[in-house]
Amino acid sequence: MDVKVKEHMKIGDLAHRTGVSRRLLRYYEEQGLLRPVRLPNGYREYAEGDVAAVHHIRAMLAAGLPTAVIARLLPCVHDDGGRMVPTACPGMLGNLRRERRRIAETIERLQTSQRALDTMLAAVRPEA
């Protein structure tokens, strides 16, 4: 049984297929992550590849990457059996290492704050 896949879709179709809201899809477009074709009536028309792109964007956001970095790395990933696979693109390794360092530094700052709060909590005498 052949299932015909739509070659082009409107924003509502893409939202339904990816589970991402229309508002968020428009934001991805504003950030340069998606580039739908604009029809004469102003509607956005997405390609089948945009479904995978949205899944890749979501995976990279979940990894803590900002949209500016995702925009640089998005062309460097592809699907392999439903799994996102990065390919070696210029600057990819450096970008990923830099972002990992940034996240590690943020975690360290938060842990320092948590320890300071724990110290304050331990010093507080219960109210009578």
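Everything numeric in this text was worked out from a predicted model, so none of it was measured.

If you tally the helices and strands in the chain, you get five helices and five strands. In the chain, the succession of helices and strands from N to C terminus is β-α-α-β-β-α-α-β-β-α. Radius of gyration (C-alpha) of the chain: 21 Å, far over the 14 Å computed for a compact globule of 128 residues. Along the first, second and third principal axes, the C-alpha atoms of the chain reach 70 × 40 × 35 Å. Long-range pairs, those at least 24 residues apart, make up 48% of the contacts in the chain between residues at least 6 apart in sequence.

So, about the packing of aromatic side chains. Inspection of the entire model under this criterion finds one aromatic pair. Ring centres 6.4 Å apart and planes at 55 degrees place the aromatic pair Tyr27 and Tyr28 in the tilted group. By relative accessible area, Tyr28 is classed as buried at 1%.

Applying the stated criterion across every chain yields a total of five salt bridges. With a shortest N-O distance of 4.0 Å, Arg38 and Glu29 are connected by a salt bridge. Residue classification places Arg38 among the partly exposed residues on the basis of a relative accessible area of 45%. The partly exposed category is assigned to Glu29, whose relative accessible area is 21%. Shared partners join several salt bridges into a network, and the residues in it are Glu29, Arg38 and Arg44.

Rules behind the numbers
Every chain's residues receive numbers from 1 upward, in the order its sequence appears when written. For this predicted model, a pLDDT threshold of at least 70 governs which residues receive local features, and a threshold of 80 or more governs which side-chain atom pairs are given and counted, while totals over whole chains, interfaces and linings are taken from all residues. Hydrogens and water are ignored here; the side-chain numbers use all heavy atoms of the structure. Strands are runs of DSSP state E lasting at least two residues, helices are runs of H or I lasting at least four, and both sets are numbered from the N terminus onward. Two things to know: the radius of gyration comes from C-alpha atoms, and the globule rule equals 2.2 Å times the number of residues to the power 0.38. We call two residues in contact when some of their heavy atoms are within 4.5 Å. Stacked, edge-to-face and tilted labels apply to pairs of Phe, Tyr and Trp rings (six-membered ring for Trp) whose centres lie within 6.5 Å, assigned for plane angles under 30 degrees, over 60, and everything in between, in that order. Exposure categories follow from relative accessible area, calculated using a 1.4 Å probe and restricted to protein chains: below 20% of the type maximum is buried, above 50% is exposed, and the middle band is partly exposed. Any carboxyl oxygen of Asp or Glu that lies within 4 Å of a side-chain nitrogen of Lys or Arg is treated as forming a salt bridge with it.

None of the figures reported here should be taken as evidence of function without further support.
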